[in-house]
Amino acid sequence: MDIIHENNVVISHIDTEQYQHKVAALDMLRLDLVHPVVSGNKWYKLRLNVLYAQDNNFKTMVTFGGGYSNHLVATAYTARRAGLASVGIVRGKYDHLTPTLQDCINEGMELIFVTKEDYDTQTHPEWEQRLAAQFDELYIIPEGGANEWGRKGAGLISRFITEEYTHIALSVGSGTTLTGIRNKTNTDQIVMGFAPMKQGTYLTDHIAPHLTPEKNTNWQLFDNWHFGGFGKWNSELIDFMNHFYHTNHIPLDIIYTSKMMYGIGQLIAQNHFNITDKILCIHTGGLQGNISVKGLLY
Ligand SMILES: *Cc1c(COP(=O)(O)O)cnc(C)c1O
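What you are looking at is a predicted structure, and each value in this text was computed from that prediction instead of being measured.

1. Brief notes about the domain arrangement of the protein
Right, so step 1: In terms of domains, the protein is made up of domain 1 (11-37 + 154-293) and domain 2 (41-145).
Right, so step 2: Just the C-alpha atoms count here: the centres of domain 1 and domain 2 sit 26 Å apart.
Right, so step 3: At the junction of the two partners, domain 1 supplies 17 residues and domain 2 supplies 11 residues.
Right, so step 4: Between domain 1 and domain 2, roughly 1,300 Å² of surface is buried when both sides are summed, and carbon and sulfur atoms account for 62% of that area.
Right, so step 5: The largest contributions to the domain 1 side of the interface with domain 2 come from Val37, Leu156 and Gln288, which together make up 29% of the buried area.
Right, so step 6: Connecting domain 1 to domain 2 are zero salt bridges.
Right, so step 7: Run the count over domain 1 and domain 2 and you get four residue pairs in polar contact (both at pLDDT 80 or more).
Right, so step 8: By residue class, the composition of the side of domain 1 that touches domain 2 is nine nonpolar, seven polar and one charged.

Right, here's the structure in full:
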């Protein structure tokens with residue numbers, strides 16, 4: 001399916017001078033360059049879902065997310081290109097549409113706003129029942145694209161990850177992308193997930209059951225660099241993003257990738273790595289979310 005091409009993806013070198021060259025390589029896989037709307041990992045989590053929905057003659061893709069969910073917009077965009085209708089169940093009521101939700105509407109997504117309680121407690125069968133009368137043949141994708149096709153699709157990212165890298169670092173939300181990548185990379189490559197929320201290591205229990213037994217090793221979550229919680233930030237993080245941009249000419253996003261790169265920098269400074277280690281950081285995209293801090297960047 002050629003909704004999106006991957007021709008733009010490159011690996012960039014990150015300047016390690018500020019870390020006194022304490023690692024052999026610090027590179028970044030630029031999935032942010034995949035597409036301006038369906039950026040980064042979101043395309044990978046959706047692509048096999050879309051194929052499955054098309055092959056099985058589903059008419060409507062339904063998914064879930066908050067008002068700033070990159071997954072919601074990505075679903076709206078890909079559904080439309082695939083000839084499917086889309087419905088987004090939004091967690092919480094909003095007085096004003098967020099830019100993300102406005103983008104969803106512009107891509108033809110129908111939004112249904114529900115209370116946080118309903119969102120958190122209702123199961124898929126309940127949603128299906130509720131929506132079935134209103135929309136044609138529903139295909140429900142869980143929040144964050146966290147299903148088997150999402151994990152398999154994320155595994156396709158491994159095609160860019162060569163054997164030379166000893167460590168692979170990425171940010172985690174649902175852990176779906178990390179799961180797909182861990183399952184498809186060499187067992188001795190160490191996969192490091194950086195949680196952008198408080199106490200993010202709870203995700204271990206969501207990830208481990210979906211790893212093939214021989215791959216359930218050499219992976220670890222870090223949750224020290226949440227900057228106050230999901231979506232929270234401070235001037236130190238902004239300064240870091242600006243410095244990173246001026247040094248490497250790579251924009252980071254305020255929610256996920258900035259916190260990961262900050263954490264990697266701290267780990268390097270703390271001698272977590274060997275001088276021979278080669279680290280590949282994955283830029284999972286999300287740059288459209290920077291609109292909330294636009295005036296502060298670069
Ligand atoms: C959604 C998102 C993630 C989290 O991906 P998961 O597969 O849910 O862990 C990471 N980075 C960015 C930029 C994202 O938009």
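Moving on from the coordinates now.
2. Quick look at the sheet that holds strand S7 (residues 167-171)
Right, so step 1: One open sheet accounts for six strands, arranged S1-S2-S10-S7-S8-S9; its pairing is mixed. Every interior strand has two partners, whereas the edge strands, strand S1 (11-13) and strand S9 (219-222), have only one. Averaged over all pairs of adjacent strands, the angle between their axes in this sheet comes to 25°, without regard to strand direction.
Right, so step 2: Alignment of strand S2 (residues 25-30) against strand S10 (residues 278-283), held across six bridges, turns out to be parallel. Its bridge partner lying in S10, Asp27 is registered against Leu280.
Right, so step 3: Helix H10 (residues 257-269) rests against S2, S7, strand S8 (190-194), S9 and S10 of the sheet, and its axis sits at about 165° to S10.

Cut-offs and rules
- Residues numbered from 1 in each chain as written.
- Predicted model: local features only at pLDDT ≥ 70, side-chain atom pairs only at ≥ 80, totals over all residues.
- Heavy atoms only, no water.
- Domains from an automatic or database assignment.
- Contact = heavy atoms within 4.5 Å.
- Buried area = accessible area lost by both parts, 1.4 Å probe.
- Salt bridge = Lys/Arg side-chain N within 4 Å of Asp/Glu carboxyl O.
- Polar contact = N/O pair within 3.5 Å; in protein donor to acceptor, adjacent residues only side chain to side chain.
- Nonpolar A, V, L, I, M, F, W, Y, C, P; charged D, E, K, R; others polar.
- Pairing = 2+ DSSP bridges.
- Helix = DSSP H or I, 4+ residues; strand = E, 2+ residues; numbered from the N terminus.
- Axes fitted to C-alpha atoms, helices over the stretch in contact; angles between N-to-C directions.

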